[in-house]
Amino acid sequence: QQQVKQSPQSLIVQKGGISIINCAYENTAFDYFPWYQQFPGKGPALLIAIRPDVSEKKEGRFTISFNKSAKQFSLHIMDSQPGDSATYFCAASAGAQKLVFGQGTRLTINP
Amino acid sequence: GAVVSQHPSRVICKSGTSVKIECRSLDFQATTMFWYRQFPKQSLMLMATSNEGSKATYEQGVEKDKFLINHASLTLSTLTVTSAHPEDSSFYICSASGGSGGYEQYFGPGTRLTVT
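Note that the coordinates shown come from a computational prediction; the quantities given were computed from them, not determined experimentally.

Chemist: Describe the state of the cysteines, and please don't skip the residues or the numbers.
Modeler: Under the criterion given, the structure shown has 2 disulfides over all chains. The residue that forms a disulfide with Cys-23 of chain A is Cys-90 of chain A, at a sulfur-sulfur distance of 1.9 Å. Taking the torsion about the sulfur-sulfur bond, which here is approximately -95°, the covalent link between Cys-23 of chain A and Cys-90 of chain A counts as left-handed. Within this pair, whereas Cys-23 of chain A is found in strand β3 (residues 19-25), its partner Cys-90 of chain A is found in strand β9 (residues 86-92), the two being separated by 67 residues in sequence. For the pair Cys-23 of chain A and Cys-90 of chain A, one class covers both residues: buried. Two residues share a disulfide in this structure: Cys-23 of chain B and Cys-94 of chain B, whose sulfurs sit 2.0 Å from each other. Taking the torsion about the S-S bond as the criterion, the Cys-23 of chain B to Cys-94 of chain B disulfide, at about 80°, is right-handed. Of this pair, Cys-23 of chain B sits in strand β3 (residues 19-25) while Cys-94 of chain B sits in strand β9 (residues 90-97), and the two are 71 residues apart along the sequence. Neither residue differs from the other here; Cys-23 of chain B and Cys-94 of chain B are each classed as buried. The structure places no disulfide on Cys-13 of chain B, whose sulfur is separated from the nearest cysteine sulfur, that of Cys-94 of chain B, by 18 Å.

Chemist: Go over the interface of chain B and chain A, please, and point to the residues and values.
Modeler: Residue-level contacts link 18 residues of chain B with 20 residues of chain A. When chain B packs against chain A, the two sides together hide about 1,500 Å² of surface, and 61% of this comes from carbon and sulfur. Connecting chain B to chain A are 1 salt bridge. Between Lys-98 of chain A and Glu-59 of chain B there is a salt bridge; the shortest N-O distance is 2.8 Å.

Chemist: An account of the pattern of salt bridges is requested, with residue identities and associated values reported.
Modeler: All told, the structure shown has 7 salt bridges over all chains when counted by the stated rule. Among the ionic pairs, Asp-84 of chain A bridges to Arg-61 of chain A, the shortest N-O distance being 2.8 Å. Of this pair, Asp-84 of chain A sits in the loop between β8 (72-77) and β9 while Arg-61 of chain A is found in the loop between β6 (56-59) and β7 (62-67), placing the two residues 23 residues apart along the sequence. Arg-61 of chain A gets classed as partly exposed once you look at its relative accessible area, which sits at 27%. The closest approach of N and O atoms between Arg-24 of chain B and Glu-22 of chain B, which form a salt bridge, is 3.4 Å. Residue Arg-24 of chain B is classed as partly exposed on the basis of its relative accessible area, which comes to 33%. For Glu-22 of chain B, a relative accessible area of 24% gives the class partly exposed.

Chemist: Explain the layout of surface pockets to me, and be specific about the residues and the numbers.
Modeler: A volume near 460 Å³ is recorded for the largest pocket. As for the largest pocket, its lining consists of 24 residues, of which Thr-87 and Arg-106 of chain A together with Gln-38, Lys-41 and Gln-42 of chain B are closest to the centre. Elements represented by at least two residues in the lining of the largest pocket include exactly β9 and β11 (105-110) of chain A. Tallied by class, the residues present in the lining of the largest pocket amount to 8 nonpolar, 12 polar and 4 charged. In this structure, the second largest pocket encloses a volume near 380 Å³. Lining the second largest pocket we find 16 residues, and of these Val-100 and Phe-101 of chain A together with Leu-44, Met-45 and Leu-46 of chain B sit closest to its centre. Of all the secondary-structure elements, those providing two or more residues to the lining of the second largest pocket are β10 (100-101) of chain A together with β5 (44-51) of chain B. Tallying contributions element by element places β5 of chain B first for the lining of the second largest pocket, with 3 residues.

Definitions and cut-offs
Residues numbered from 1 in each chain as written. Chains lettered and ligands numbered in written order. Predicted model: local features only at pLDDT ≥ 70, side-chain atom pairs only at ≥ 80, totals over all residues. Heavy atoms only, no water. Disulfide = S-S within 2.5 Å. Helix = DSSP H or I, 4+ residues; strand = E, 2+ residues; numbered from the N terminus. Buried < 20%, exposed > 50% of the residue type's maximum accessible area, 1.4 Å probe, protein only. Contact = heavy atoms within 4.5 Å. Buried area = accessible area lost by both parts, 1.4 Å probe. Salt bridge = Lys/Arg side-chain N within 4 Å of Asp/Glu carboxyl O. 1 Å grid on protein atoms, 1.4 Å probe; cavity = no way out; pocket = protein on both sides within 12 Å on 5 of 7 lines; lining within 4 Å. Points joined across faces, edges and corners; volume = space filled by probe spheres on them. Nonpolar A, V, L, I, M, F, W, Y, C, P; charged D, E, K, R; others polar.

Quick look at the structure:
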């Protein structure tokens, strides 16, 4: 019940396309859902996060869509660029408790 | 804002020696710090959670006597890998939360430990 399942494991998108990564959770106590971007050899960087009181949050080219009833949330990267090539992790927590991470998605944007 | 640093960025040590990794929150007071371990092409594995001035809470399967964590101030936490062995070689990452009372965790750049 503590798991966060992330898919796909890897994703290849053409430059300018939309990248979509999905996550699902079981624990209904989770109320904070961040996405992290990680480049090789670096620590994860907080990209965008959402709370369950809204269904969508947009920051620049990055959008989180949240479906509380389905217990799913997704990251959309619009106009994907080669510089977006990285590993993306979704996560969830109950309040300020420890984060539970998804398995990660390796995104490659082809020029 | 919300910058977390780690030192050193990479370290090589001999089997049997101890290594200390520092994690600092540079522009906010971190009430809670977390230590993670990450193997190549895998997700982050939480090792322990530490609150300033309290003993760390270790995740199941993590040896508290091997991975000593100290959170002596609101801006500094340390992880000491004692009697390191080659299987301890990994990427260790800390994160910090507590800035402005939010849930956000901000990660350090990581420390690559290689035990020979």
